[in-house]
Amino acid sequence: MAFLQGLDSHIVIVGCGISGIGAAQKLLSHGFHNVRIIEATGRSGGRIRTGRLGDKIVEIGANWIHGPSQENPVFRLACQYNLLDEKSMTEENQSVDVGGHPPFVPDLFSSSGKRLSPELAGPASALFTGLLQECQEFHASGREPVPSVGEYVKREAARRTAEEWRDEPADTRALQLAMMSMLLKLECCISGTHTMDDVGLGAFGMYKTLPGLDCTFPGGYEGLIHCMMKELPKDIVSYNTPVKCIHWNDSVQRTSPSGRTFPVLVECESGETFPADHVIVTVPLGYLKKHQETLLSPPLPLSKVHSIQRMGFGTNNKIFMEFNEPFWDPDCETIFFVWEDETDLVDVVPNVEMSWIKKLFGFTVLKPTERYGHMLCGWIAGHESEYMESLPEAEVQQSITELIRRFTGNPTITPKRILRSQWYHDPYTYGSYTYVAKGCSEYDIDILAEPLPLKGSNTKPLQVLFAGEATNQSFFSTVHGALLSGWREAERLISHYSPSSYSVSLGSKL
Ligand SMILES: Cc1cc2nc3c(=O)[nH]c(=O)nc-3n(C[C@H](O)[C@H](O)[C@H](O)COP(=O)(O)OP(=O)(O)OC[C@H]3O[C@@H](n4cnc5c(N)ncnc54)[C@H](O)[C@@H]3O)c2cc1C
């Protein structure tokens, strides 16, 4: 009986990214019929966003299914909707386990316009990969000899290279150290952080990888969103409706025409209001950091505020460039740029306005060529990336053209056109994705995911729930982490009204 009454609950989901869509799908499939999604922008998908450069499809946001194998719900859905190519679905592809760092066939260039041999870069790459693996192990051991990944890598690299590369010629050793600076910048992009000095050493190993060689969606990642949206009622989303404030704990009384009262009232910028029994908040951590003081009334408890402040949310942007002819080798998958003056392991530039371009570590080559033509995707993280967003596109194109000409020694290379992402200036994201910052731990993610009112309160339970990639302890920063978090909060409500049938099982310890 309680379950049947529960199905009448009014549930509002704030945000129509994959976590919000996933939560809505699960609730509806379990019989909840008063579900509404409120989305600030005019589209679904959030940080899953497919765009176009000329007639080519490019991913402005998420690009890969990380770890495409059976444990990954995004992979399972993509297979179900038939959105992947055959190779990505093979058993062989699913069983490859590379720990989140797929090997690339590289083309290496240095700042004096020289081509570097992969053999020369080998020792730097091997040492760097080994050090990152060591960093991942500190989480399980519970030790943290220094506070951040950056500090550990720099300290150990300096110590070990002084011993192990003692007999190398000075110029070879200098180039290998410069190569490690480039790898640190690449790692900033993967982690979505300004510097690896900001990433907590003890927390780094919280992120779990799944088996499977990362794959992409030939027709665009947004195809997944379209398929999921087709399964929801047509008018379930209120688009272009930014939520201003979630009034909870009966702070604003609202009674329905049938005489029902609701503990929560969702107030939008437009003045429109939505009464609710439960609200699932899926806004990005970047948005929460900016608006945590006003998004809820009464405001968020201090424990949550502190966790929001402790956790990291940084910027990683892409710059797509199309060329008439490739300047890279036919089998090349990644182009790396090594600055010869960066021999002291640096991943930040001394003056952002003057030298932001030095933060761009290189490009991935978009494959297959039949689909993309000659297209590169440049990667740049941190404050340098945020500054890049503020420049006119023509200036960005000019700076990158000069960079490529300098490193290749070819003064004629000219891109046809470019397109860059601007995630930091997106007012509903304020960055790209979550990282575990220095000083934060899994408890911060648990606290962030904890529903309101907090345990021990005698007011109506589960008024405000929290989902989104930042609330997933093992898979934060990913699409599958976001989807699992939406399912987790839907299951929390399902289990609340029917405790014997369901249990909250995914992701969070709460
Ligand atoms: C450049 C980039 C590359 C990435 N690459 C990958 C990748 O290759 N693989 C991978 O797995 N992941 C990747 N990610 C991460 C992945 O895209 C995200 O983790 C995931 O899409 C987040 O989903 P979400 O539902 O948690 O949040 P979002 O998709 O951000 O959805 C939140 C929604 O809330 C809305 N919103 C915000 N504020 C309000 C408000 N006040 N009122 C109403 N609505 C609001 C937003 O508009 C948005 O639609 C990448 C992200 C970026 C930015």
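Reference entry: report on the structure contained in this document. The model shown is predicted, which means the values in this text are computed figures rather than measured ones.

Regarding the packing of helix α3 (residues 73–80) against helix α18 (residues 479–497)
Then, in step 1: Two elements in contact, α3 and α18, have axes separated by 8 Å at closest approach and are oriented at 90°. In terms of their interaxial angle, α3 and α18 are classed as roughly perpendicular. Residues Pro 73, Val 74, Arg 76 and Leu 77 of α3 form the contact with α18, whose own contacting residues are Val 479, His 480, Leu 483, Leu 484 and Trp 487.
Then, in step 2: Class assignment of the residues belonging to the contact of α3 with α18 gives a composition of seven nonpolar, one polar and one charged.

Regarding the side chain of Asn 316
Then, in step 1: As for its placement among the helices and strands, Asn 316 is situated in strand β16 (residues 316–323).
Then, in step 2: From its side chain, Asn 316 meets the backbone oxygen of Cys 189 in a polar contact 3.1 Å long.
Then, in step 3: A distance of 2.8 Å separates a polar atom in the side chain of Asn 316 from a polar atom in the side chain of Tyr 433.
Then, in step 4: The residues contacting Asn 316, other than those within four sequence positions of it, are Cys 189, Gly 192, Trp 379, Ile 380, Ala 381, Ser 385, Trp 423, Ser 432 and Tyr 433.

Focus on the pattern of salt bridges
Then, in step 1: Scanning all chains against the criterion turns up 25 salt bridges.
Then, in step 2: Of the charged contacts, one joins Glu 222 and Arg 43 as a salt bridge, the two residues approaching to 3.1 Å between their closest N and O atoms. Of this pair, Glu 222 sits in helix α10 (residues 222–230) while Arg 43 sits in the loop between β2 (34–38) and β3 (50–53), and the two are 179 residues apart along the sequence.
Then, in step 3: Look at Glu 222 and you get buried, because its relative accessible area is 13%.
Then, in step 4: Put simply, Arg 492 and Glu 489 hold a salt bridge, and the shortest N to O gap is 2.7 Å. With a gap of three residues between them, Arg 492 and Glu 489 both fall in helix α18, about one helical turn apart.
Then, in step 5: The class of Glu 489 is buried, set by a relative accessible area of 0%.
Then, in step 6: What you see here is one network of salt bridges that share partners, running through Glu 134, Arg 155, Glu 156, Arg 159, Arg 160 and Glu 163.

Quick notes on the rules
Residues numbered from 1 in each chain as written. Predicted model: local features only at pLDDT ≥ 70, side-chain atom pairs only at ≥ 80, totals over all residues. Heavy atoms only, no water. Axes fitted to C-alpha atoms, helices over the stretch in contact; angles between N-to-C directions. Helix = DSSP H or I, 4+ residues; strand = E, 2+ residues; numbered from the N terminus. Parallel < 35°, antiparallel > 145°, perpendicular 65-115°, else oblique. Contact = heavy atoms within 4.5 Å. Nonpolar A, V, L, I, M, F, W, Y, C, P; charged D, E, K, R; others polar. Polar contact = N/O pair within 3.5 Å; in protein donor to acceptor, adjacent residues only side chain to side chain. Salt bridge = Lys/Arg side-chain N within 4 Å of Asp/Glu carboxyl O. Buried < 20%, exposed > 50% of the residue type's maximum accessible area, 1.4 Å probe, protein only.

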